[in-house]
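Spelled out, the chains give:
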Amino acid sequence: MTLAKDFLEEAKTVLGPSGWSEDADKLKAAATPWRGTWPGETPFLAMPASTEEAASLVKLCAQHRVALVPQGGNTGLVDGGTPHGEITVSMRRMKKLRAVDTLNNSLTIEAGAPLVDAQKAAEEANRLFPLSLGSEGQATIGGLISTNAGGVAVLRYGMMRDLILGLEVVLPSGDIWDGLSGLRKNNTGYDLKHLFAGAEGTLGLITAATLKLFPKVAKATGWVICKSAQDVVDLLALTRDHAGDTVTSFEIIPANAIEMVQKDVPDTRDPAPSPLPWRVLVEVSMAQEDQARETLMSALGDAIEKDLAENAIIAESGQQAASFWHIRETIPLSKRAFGTAINHDVSVPVSAIPDFLKVTEDEIHKLVEQAEIVAFGHVGDGNLHYSACEPKDATSAILSNHAVEITRIVHEQAMKFGGSISAEHGVGRLKRDELAGIRPKAATDTMRAIKSALDPLGIMNPGRVVSV
């Protein structure tokens with residue numbers, strides 16, 4: 001995109017000398033997602049420091065018909081926040097903590113703040129902000145809301161949209177919607193915040209959010225060995241029978257993923273070596289540590305008696321619990337130890353997980369017999385990160401010639417089992433067209449109508465989520 005001279009001059013004036021860049025290295029960094037896939041290009045990097053600057057910039061873009069891509073930590077996985085010719089609006093300078101209200105159990109924070117800042121602010125107020133994921137030091141509040149991020153505590157606390165009380169958003173016209181309410185009850189019309197959660201910046205530019213806080217909890221963390229995916233699902237049900245909704249996380253990890261992490265990070269220790277194929281990382285959180293530990297111990301003891309688990313370890317310290325989580329959180333990057341990985345973010349009903357895993361692996365092996373399947377994720381909410389990796393002993397790339405067919409298999413099976421082809425990573429450009437052919441026509445038509453109504457000029461993150 002070639003930008004008009006008068007637009008550039010006005011944009012630079014609005015943003016101030018620290019609020020923009022045309023440096024080639026900075027432009028390249030903004031146009032390169034963190035995994036290096038789908039690199040793009042951008043002619044101008046805007047970095048507003050306030051809502052007013054952001055609004056003035058968007059209004060200027062509307063006047064000049066200049067398309068923009070909002071960007072947070074650039075940790076997305078579906079080509080939603082990478083510019084492909086548009087200007088980039090980085091929100092990272094907007095990172096102030098505006099308010100903490102312990103009596104209302106809420107905090108208000110700007111969109112460019114990394115998730116870890118919200119977590120720390122809650123901790124300092126003797127509260128908990130429960131969203132947790134591997135990229136929390138880089139992923140920003142605005143990006144997490146825009147993609148409706150999930151993470152490892154969805155089972156108890158819900159997705160990111162469930163943690164929002166209010167938003168401040170710059171609309172495509174440049175007008176500011178101040179919806180930073182801390183209210184939990186407000187039936188005064190359409191709940192606008194949910195339009196922007198998961199919209200991936202296509203309907204407006206999120207500049208701040210009021211988020212829910214919760215009482216701090218004590219955790220008990222367990223590492224469990226299981227012989228089948230069915231046992232893993234049955235173990236979840238049994239654990240909830242014992243612990244109710246205090247089950248915070250319930251992660252499934254295949255044995256080959258541990259091998260993969262150890263190959264990539266050699267000092268990683270397997271907490272309980274076993275030839276069995278599945279591990280579970282389970283966490284229970286309660287007001288008192290002893291109570292959480294006793295509850296988890298009772299559940300896992302029952303599981304061993306009922307032959308749902310071969311062995312189980314409960315962490316004796318926060319350090320040991322962190323070592324369990326280190327394995328889980330290292331899996332996404334350690335797939336590089338297997339070479340090519342064809343990755344998917346799908347969800348199916350929890351009860352369908354065992355059959356989905358078996359049928360999908362069988363279908364892939366009909367196509368590429370040697371493919372190494374690494375399926376891990378959040379059993380508690382049915383979300384699996386499903387990867388087909390190069391065989392461990394491959395001497396040349398095998399999977400790259402079958403990427404399209406493998407993705408078709410995984411997505412078709414997810415849909416056959418009543419699932420979704422995008423559980424928590426979003427749509428972006430990567431899944432836009434495929435989803436248009438899968439979701440009901442009425443849903444796609446409604447999305448297009450909303451997009452056209454709010455962004456008639458099509459300047460807000462064009463080409464993402466839904467084509468218009």
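It should be emphasised that the depicted structure is a prediction, and the values quoted were computed from it without experimental measurement.

Conventions adopted
Residues numbered from 1 in each chain as written. Predicted model: local features only at pLDDT ≥ 70, side-chain atom pairs only at ≥ 80, totals over all residues. Heavy atoms only, no water. Helix = DSSP H or I, 4+ residues; strand = E, 2+ residues; numbered from the N terminus. Polar contact = N/O pair within 3.5 Å; in protein donor to acceptor, adjacent residues only side chain to side chain. Contact = heavy atoms within 4.5 Å. Core = buried A, V, L, I, M, F, W, Y, C linked by side-chain atoms within 4.5 Å. Buried < 20%, exposed > 50% of the residue type's maximum accessible area, 1.4 Å probe, protein only. Expected span 1.5 Å × (residues − 1). Pairing = 2+ DSSP bridges. Axes fitted to C-alpha atoms, helices over the stretch in contact; angles between N-to-C directions. Parallel < 35°, antiparallel > 145°, perpendicular 65-115°, else oblique. Left-handed = near helix turned anticlockwise from the far one by under 90°. Nonpolar A, V, L, I, M, F, W, Y, C, P; charged D, E, K, R; others polar. Phe/Tyr/Trp six-rings, centres within 6.5 Å; stacked < 30°, edge-to-face > 60°.

*Asks:* Can you explain the side chain of T42? Please cite residues and give values.
*Replies:* Tracing the backbone shows T42 in the loop between α2 (24-30) and β2 (45-46). Side-chain polar atoms of T42 contact the backbone oxygen of F44, separated by 3.3 Å. At a separation of 2.7 Å, a polar atom in the side chain of T42 contacts the main-chain carbonyl oxygen of E86. Residues within four places of T42 in sequence aside, it is in contact with L27, A30, A31, P83, E86, I87 and T88.

*Asks:* Describe the nonpolar core, with residues and values.
*Replies:* F250, F356 and L357 are the most contacted members of the largest nonpolar core, which totals 47 residues. If one sorts the elements of this core by residue count, helix α8 (residues 229-243) sits on top with seven residues. Excluding anything up to four places from it in sequence, L357 contacts A229, W278, A375, L384 and Y386.

*Asks:* Give me the lowdown on α8, citing residues and values where you can.
*Replies:* Over its 15 residues, α8 runs 21 Å from end to end, which matches the ideal 21 Å to within 8%, given 1.5 Å per residue. Within the span of α8, buried status applies to A229, D231, V232, V233, L235, L236, L238, T239 and A243. Close packing links the buried residues of α8 with α6 (154-157), β12 (218-226), β13 (247-254), β14 (278-286), α10 (289-305) and α12 (353-367). At the C-terminal side of α8, G244 shows a positive phi close to 60°.

*Asks:* If you had to explain the sheet that holds strand β15 (residues 311-314) to someone new, which residues and values would you point to?
*Replies:* Sheet architecture is open: seven strands sit in the order β15-β12-β14-β13-β17-β18-β16, paired in antiparallel fashion. With partners counted over all chains shown, the strands left at the sheet margins are β15 and β16 (341-347), one partner each. Within the sheet, the average angular offset between the axes of one strand and its neighbour, ignoring direction, is 15°. Alignment of β12 against β15, held across four bridges, turns out to be antiparallel. When the bridges of β15 are listed, V224 appears paired with A312. Contacts from α8 reach β12, β13 and β14 within the one sheet, and its direction differs from that of β13 by about 165°.

*Asks:* Hey, could you go over the packing of α8 against α10 for me, with residue numbers and the actual values?
*Replies:* For the pair α8 and α10, interaxial distance at closest approach is 9 Å and the crossing angle is 140°. Between α8 and α10, the crossing angle belongs to the class labelled oblique. Judged by the twist between their axes, the crossing of α8 over α10 is right-handed. Residues L235, L238, T239, H242 and A243 of α8 touch α10, and the partners they reach there are T295, S298, A299, L300, D302 and A303. Among the residues forming the contact of α8 with α10, the class breakdown is six nonpolar, four polar and one charged.

*Asks:* Provide a residue-level description of the packing of aromatic side chains, including the pertinent values.
*Replies:* On inspection of all chains with the given rule, the structure shows six aromatic pairs. Measuring from ring centre to ring centre gives 5.6 Å for W223 and F324, while their planes differ by 45°; the resulting arrangement is tilted. Residue W223 is located in strand β12, and its partner F324 is located in helix α11 (residues 318-334); the two are separated by 101 residues in the primary sequence. Residue W223 shares its accessibility class with F324, and that shared class is buried. Between F356 and F417 the ring centres are 6.2 Å apart and the planes differ by 90°, which places this aromatic pair in the edge-to-face class. Here the residue F356 occupies a position in helix α12, and F417 occupies one in the loop between α13 (403-416) and α14 (432-438), the gap between them amounting to 61 residues. Residue class for F356 comes out buried when judged on its relative accessible area of 0%.

*Asks:* Explain the packing of α8 against α12 residue by residue, including any values.
*Replies:* Where α8 meets α12, the closest approach of the two axes is 8 Å, and the angle between their N-to-C directions is 160°. With respect to α12, the element α8 is oriented roughly antiparallel. Where α8 crosses over α12, the two elements pack in a sense that is right-handed. Across from A229, Q230 and V233 in α8, the residues of α12 making contact are I353, P354 and L357. Looking at the contact of α8 with α12 residue by residue, the classes come out as five nonpolar, one polar and no charged.

*Asks:* Please provide a residue-by-residue account of helix α9 (residues 255-264), values included.
*Replies:* Working note: α-helix, 3.6 residues per turn, so residues spaced by three or four point in the same direction. Listed in full, the buried residues belonging to α9 are N256, A257, I258, M260 and V261. Among the structural elements, β12, β13, β14, α11 and β17 (372-378) are those in contact with the buried residues of α9.

*Asks:* Explain unusual backbone geometry to me, and be specific about the residues and the numbers.
*Replies:* Not every positive phi belongs to a glycine, and R65 is a case in point at roughly 55°. You can call R65 exposed: its relative accessible area is 55%. Look at V465: it is not a glycine, yet its phi comes out positive at around 70°. Examined against the element boundaries, V465 turns out to sit in the segment after α15 (441-454).

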